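# Structural description and commentary
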Amino acid sequence: MKRIVILISGRGSNMAAILDAGIPASAVISSRSDSAGLDIARSRGIPAIGLDHRNYQSRDDFDRALAEKIESFSPDFVILAGFMRILGDEFVKRYAGRLINIHPSLLPSFPGTKTHSRALEEGVRIHGCTVHFVTEKLDHGAIIIQAAVPVFEDDDEESLGRRVLEQEHRIYPQAVKWLIEGRLKIDKGRVRLDSPAKTKGELISPEIES
Ligand code: GRF
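Residues numbered from 1 in each chain as written. Predicted model: local features only at pLDDT ≥ 70, side-chain atom pairs only at ≥ 80, totals over all residues. Heavy atoms only, no water.

Domain boundaries in the protein chain define domain 1 (1-95) and domain 2 (103-130 + 146-197). On a C-alpha basis, the centres of domain 1 and domain 2 stand 21 Å from each other. Every contact between the two is made by 13 residues of domain 1 and, on the other side, nine residues of domain 2. Taken over both partners, the interface formed by domain 1 and domain 2 buries close to 1100 Å², and the fraction arising from carbon and sulfur atoms is 74%. (Domains from an automatic or database assignment. Contact = heavy atoms within 4.5 Å. Buried area = accessible area lost by both parts, 1.4 Å probe.)

It is worth spelling out the nonpolar core at this point. Counting residues in hydrophobic clusters, the biggest one holds 42 residues, and the most contacted among them are Ile4, Ile6, Ile79, Ile100, Val131, Ile144 and Tyr172. Sorting elements by how many residues they give to this core places helix H6 (residues 157-180) first, with nine residues. In terms of domain composition, this core takes at least three residues from each of domain 1 (1-95) and domain 2 (103-130 + 146-197). Filtering out sequence-adjacent residues up to four positions away, Ile4 remains in contact with Ile18, Ile23, Pro24, Ala25, Ser26, Ala27, Pro75, Phe77, Ile79, Val176 and Ile180. Residues Ala65, Leu66, Leu80 and Tyr95 belong to the second largest nonpolar core, which totals 21 residues. (Core = buried A, V, L, I, M, F, W, Y, C linked by side-chain atoms within 4.5 Å. Buried < 20%, exposed > 50% of the residue type's maximum accessible area, 1.4 Å probe, protein only. Helix = DSSP H or I, 4+ residues; strand = E, 2+ residues; numbered from the N terminus.)

Here we come to the side chain of Asp155. Within the fold, Asp155 resides in the loop between strand E7 (143-150) and H6. Within the local environment of Asp155, its side chain forms a polar contact with the side chain of Arg163, the two groups lying 2.7 Å apart. Residues within four places of Asp155 in sequence aside, it is in contact with Leu120, Pro150, Leu160 and Arg163. (Polar contact = N/O pair within 3.5 Å; in protein donor to acceptor, adjacent residues only side chain to side chain.)

Okay, the site of the ligand next. In the vicinity of the ligand, the contacting residues are Arg11, Gly12, Ser13, Asn14, Gly82, Ile102, Pro104 and Glu168. Here Arg11 contributes a side-chain N or O atom positioned 2.5 Å from an oxygen atom of the ligand. Here Ser13 contributes a side-chain N or O atom positioned 2.5 Å from an oxygen atom of the ligand. When isolated, the ligand has an accessible area of 370 Å², and the protein chains bury 87% of it. (Near = heavy atom within 4 Å. Areas by Shrake-Rupley, 256 points an atom, 1.4 Å probe, with all protein chains shown as cover.)

The final tally for this structure, using the stated rule, is 12 salt bridges. Put simply, Glu181 and Arg183 hold a salt bridge, and the shortest N to O gap is 4.0 Å. Accessibility expressed as a relative area gives 22% for Arg183, which makes it partly exposed. Here the salt bridges share partners, and the residues they tie into one network are Glu181, Arg183 and Asp194. (Salt bridge = Lys/Arg side-chain N within 4 Å of Asp/Glu carboxyl O.)

Moving on: unusual backbone geometry. With an omega of 10°, the peptide bond between Leu107 and Pro108 qualifies as cis. Ser205 connects to Pro206 through a cis peptide bond whose omega is -5°. Relative to the helices and strands, Pro206 resides in the segment after strand E9 (190-193). In this structure, Lys188 is a non-glycine residue whose phi angle is positive, near 50°.

Encoded structure:
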């Protein structure tokens, strides 16, 4: 059985979706000791550790302490699920090919923060989420799976965010399963999934009138 450690910073709904999918985690670590997600993990009997970044002088110090904590669980893979700290290059290199993240936009559109409000400002008709391998360049690693949702005329940040989050909870457990089953290969910066199922159809937004 492959071992995973999940890193969070807040409410932990993606972490919960992964656990709900029957994927066991060796530990959950949060960069904030008051994360609601830590309580969820504890209630499921999973070691849950608050490693508050505010207690460390520099990013390097925090990264080192984090890496030490992670290594104490000897994980095969590290899963970022709403982990709000930018990890240093050394950390990312150390876990290359074993570290994945979920981002609330259709990358490479809208890397960084405030993705839903930026999508609304740009007037995109289709928005979504992406699971990708983590590389040194923020939100730019090889893409594993994406889900798209329509953007409606009356959407605000919250309604759009909710629609995207629902899809995050579907695609992240799937990506983690593929990862731990060894079904993902990175080939020239692109992810190859062995025997991928074909996508069902298209998403046109707004819908074409017939
Ligand atoms: C999610 O939208 C995720 O894509 C982003 O941060 C949010 C975390 O939410 N990276 P949760 O803690 O998983 O509920």
